[in-house]
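Single-letter residue listing:
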Amino acid sequence: MNRIATIEAVESFLPDNSHTIEELAGPLGLKRAQIRLLQKVHGLRRIRQDPDASLLDLVLPAARRVLHRVPDPTDIRYVLYVHSTQEVTPSHLNAAALISDALDLQHAASFAVTQQNCATALAAIELAGTLLEDDGDPYARVLIVTGDKAFTPGNQLLYNTGALMGEAGAAMLVATADTAGDRVLSYATRTMGQYSGGVLLSPEESKQYGRDSARALADVMQEAVEQAELTWDDIDWVIPHNAPLTETVKHLGIDPARVYLEKLAEYSHCFASDVFLNYTELRDSHRLQPGRHYIYVASGLGATYSSMTFQHQAPALPRLTTI
């Protein structure tokens, strides 16, 4: 069984402003048929978005709540900013450094991670585990911050995927695998480079992309479960990004009721943040049980498919001693 890291804390943030699909039709140039498609096929009704708020307004609230759990901020050795949109600030500004400075974590090394688009946050957790292993200090921590502004029609509505992008922020505190918290048991990922064109794919390529995505996502989910030496009977909830997983669930033969998508209609897809938004919704409604197993699922345009299993609120493991 792989022990990658432990997620000690997860928090999320949503803007207060909520908009119906109809209200967005004008700014996005949506026709009536496109509105019906988003509502009937993709199950969307509203999104959260605050065009007057800055990127820092979006990402800092969750990060500050996570930092309240850290007795000594100098234990934070790295700050990883995860974003799906490649350009999030003007070229002369470093978004990761801005976030670090705003959180008074100038002592920490900060950098951005973005290459896997909306699947990047799961890769960042694995990366955090590698950084902590190399660091070797049991008190060292990594702060992961996620959040993208849907600041143009082009990155708010992805025509070839049917995704309407909302705004949300999230933050995670990652520690060594020996500490108490959500113990990561496995991580599986796959990239299908033939679809690297993303939003620039032709209509024919987009159709094939849609057909292949369901199977690819099912394969990495199955791989993650098997890596953790679990079966699907051990998994209480599938915690995905906000997108329908109907075909993926069919491939796996699991009960669709175990896939948490209750907030899809209200929040839509929120770049790399909505997996953790769904986690906090489940946790705060007391539907995550200590010691039980769960699985994160995310896919990124381009095309990357990732999955991660974890044991919720697992106790600290005994530390290995060297002679």
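This text follows the structure it describes.
In short, a report on the structure. None of the values given here were measured: they were computed from a predicted structure.

Basis of the calculations
Counting starts from 1 at the beginning of each chain's written sequence and moves along it residue by residue. Since the coordinates come from a predicted model, pLDDT governs what is reported: local features require at least 70, and pairs of side-chain atoms require 80 or more to be given and counted, while whole-chain, interface and lining totals use all residues. Side-chain descriptors were evaluated using all non-hydrogen atoms of the structure, hydrogens and water having been removed beforehand. Note on classification: 1.4 Å probe, protein chains only; a residue is buried when its accessible area is under 20% of the maximum for its type, exposed when over 50%, partly exposed between these limits. Note on conventions: DSSP H or I runs of at least 4 residues are helices, E runs of at least 2 residues are strands, and numbering of each starts at the N terminus. DSSP bridges decide pairing: two strands pair if at least two such bridges lie between them. Any pair of N or O atoms that falls within 3.5 Å is considered a polar contact. Within protein, one atom must be able to donate a hydrogen and the other to accept it, and sequence-neighbouring residues count only if both atoms are side-chain atoms. By nonpolar core we mean a set of buried residues, namely Ala, Val, Leu, Ile, Met, Phe, Trp, Tyr and Cys, connected to one another through side-chain atoms within 4.5 Å. Here, residues are in contact when the closest pair of their heavy atoms is within 4.5 Å.

Considering helix 10 (residues 274-284)
Think of an α-helix as 3.6 residues a turn; residues three or four steps apart then line up on the same face.
Thought 1: Across the 11 residues that make up helix 10, a large majority, nine, are buried.
Thought 2: Residues of helix 10 that are buried: D274, V275, F276, L277, N278, Y279, T280, L282 and R283.
Thought 3: Directly beyond the C-terminal end of helix 10, a positive phi value near 60 degrees is found at H286.

Thoughts on the pairing of strand 11 (residues 235-240)
Thought 1: Of all six residues that make up strand 11, five are buried, and the element is covered over most of its length.
Thought 2: Relative to strand 12 (residues 293-300), strand 11 runs parallel, the two sharing five bridges. Paired with W237 across the strands is Y294, a residue of strand 12.

Points about the environment of S186
Thought 1: Checked against the element boundaries, S186 lands in strand 10 (residues 181-191).
Thought 2: Classification of S186 by relative accessible area gives buried; the value is 0%.
Thought 3: Looking at S186, its side chain comes within polar contact range of the main-chain oxygen of A224, at 2.6 Å.
Thought 4: At a separation of 2.6 Å, a polar atom in the side chain of S186 contacts the side chain of T309.

Some thoughts on the nonpolar core
Thought 1: By size, the foremost hydrophobic cluster in this structure holds 38 residues, and its most contacted members are L122, I125, I144, I239, F276 and Y296.
Thought 2: When residues in this core are grouped by element, the largest group, eight residues, is from helix 5 (residues 120-135).
Thought 3: Discounting residues that sit within four places of it in the chain, I144 has contacts with L80, V82, A124, I125, A128, A170, A171, M172 and V174.
Thought 4: If you look at the next biggest cluster of nonpolar residues, it comprises 27 residues, including A224, W232, V249 and V297.

That is the geometry; function is a separate question.
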